[in-house]
Amino acid sequence: VGGGPAGLSAAIYAARAGLEPVVVAPQGGGQLLGKGVDVENYPGVAGPAATGRGIVELMRRQAVEVGARLVDEQVLKVARFHSPAEKEASLIEVVLKDPERTRLLAQSVIVATGAESRWLGVAGEWELRGGGVSSCATCDGFLHRGRAVVVVGGGDAAMEDALVLTRTSGKVT
């Protein structure tokens, strides 16, 4: 469950190991796919494919080529499947949003749904993503080396990002 780099990598390795992986995720889903900005820190990817969409498309193509099946659908629920013929649940049920394909049954499920950044929701934030506003200091700090930067947030994540940025930024506030 999950169509980003982690889910697609798992599918590629599973298919190469002789399993029959099924990747379930909306085609337009995934954080990397939705960013739409150049990705300069992903090894081996440069040029026109160096965007979130480009990387995911290459990985989807590779997954299919090695035998993975892609189901472009949302998952509503993952639960143990109880067959009336068996005393214990031996399969896992993946319930889909599409009423035509209601569910999949599997022996195991890898959940690779990523993480979601929490944005402030302030004016200009959306328009400046990838052009000065970022949610990943490790990913994007290098792009602003030598400049004064501001970390917004609290807790461990903000402190970790501030520490990362002290190595490349002129000033961290």
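Residues numbered from 1 in each chain as written. Predicted model: local features only at pLDDT ≥ 70, side-chain atom pairs only at ≥ 80, totals over all residues. Heavy atoms only, no water.

Asker: Pulling in residues and values, what's your account of the state of the cysteines?
Answerer: What makes a disulfide is a covalent bond joining the sulfur atoms belonging to two cysteines. Evaluated as defined, the whole model comprises one disulfide. A sulfur-sulfur distance of 2.2 Å marks the disulfide that ties Cys 136 to Cys 139. Of note, the bridge from Cys 136 to Cys 139 carries an S-S torsion of about 65° and is right-handed in sense. Cys 139 gets classed as partly exposed once you look at its relative accessible area, which sits at 33%. (Disulfide = S-S within 2.5 Å. Buried < 20%, exposed > 50% of the residue type's maximum accessible area, 1.4 Å probe, protein only.)

Asker: So what about the side chain of Arg 60? Which residues, and what values?
Answerer: Note that Arg 60 resides in helix H3 (residues 52-65). Here the side chain of Arg 60 touches Asp 72 through a polar contact of 3.1 Å, side chain to side chain. Excluding residues within four positions of it along the chain, Arg 60 makes contact with Leu 8, Gln 27, Leu 70 and Asp 72. (Helix = DSSP H or I, 4+ residues; strand = E, 2+ residues; numbered from the N terminus. Polar contact = N/O pair within 3.5 Å; in protein donor to acceptor, adjacent residues only side chain to side chain. Contact = heavy atoms within 4.5 Å.)

Asker: Residue-level account of the packing of helix H1 (residues 5-16) against H3, with values.
Answerer: Remark: H1 packs on H3, axes separated minimally by 9 Å, with the N-to-C direction vectors making an angle of 20°. By the angle class used here, H1 and H3 are roughly parallel. Both H1 and H3 take part in a crossing whose hand is left-handed. For the pair H1 and H3, contact is made by Pro 5, Leu 8, Ser 9 and Ile 12 and by Val 56, Met 59, Arg 60, Gln 62 and Ala 63, respectively. Counted by class, the contact of H1 with H3 contains six nonpolar, two polar and one charged residues. (Axes fitted to C-alpha atoms, helices over the stretch in contact; angles between N-to-C directions. Parallel < 35°, antiparallel > 145°, perpendicular 65-115°, else oblique. Left-handed = near helix turned anticlockwise from the far one by under 90°. Nonpolar A, V, L, I, M, F, W, Y, C, P; charged D, E, K, R; others polar.)

Asker: Outline the nonpolar core, listing residues and values.
Answerer: With 12 residues, the main nonpolar core is built from Leu 8, Ala 11, Ile 12, Val 23, Val 39, Val 45, Ala 50, Ile 55, Val 56, Met 59, Ala 63 and Ala 68. Listing elements by their share of this core, those giving two or more residues are H1 and H3. Of all the elements, H3 adds the most residues to this core, at four residues. The contacts of Met 59, once residues within four sequence positions are left out, are Pro 5, Leu 8, Ser 9, Ile 12 and Tyr 42. Val 24, Val 94, Leu 96 and Leu 104 belong to the second-largest nonpolar core, a separate cluster that totals five residues. (Core = buried A, V, L, I, M, F, W, Y, C linked by side-chain atoms within 4.5 Å.)

Asker: Describe in detail the pairing of strand E4 (residues 91-96), supporting the description with residues and values.
Answerer: Most of E4 sits out of view: five of its six residues are buried. As judged from the six bridges shared by strand E3 (residues 75-81) and E4, these two strands associate in the antiparallel manner. Bridge assignment links Ala 79 to a residue of E4, and that residue is Glu 93. In terms of strand pairing, E4 meets strand E5 (residues 103-106) through four bridges, oriented antiparallel. Its bridge partner being in E5, Glu 93 is matched across the sheet by Leu 105. The hairpin turn running from E4 into E5, its antiparallel successor, is six residues long. (Pairing = 2+ DSSP bridges.)

Asker: Which residues make up the sheet that holds E4, and what values go with them?
Answerer: Taken together, three strands build an open sheet; the order of strands is E3-E4-E5 and the sheet is antiparallel. On the outer flanks of this sheet lie E3 and E5, each paired with one strand and no other. The sheet shows a mean angle of 20° between the axes of neighbouring strands, taken without regard to direction.

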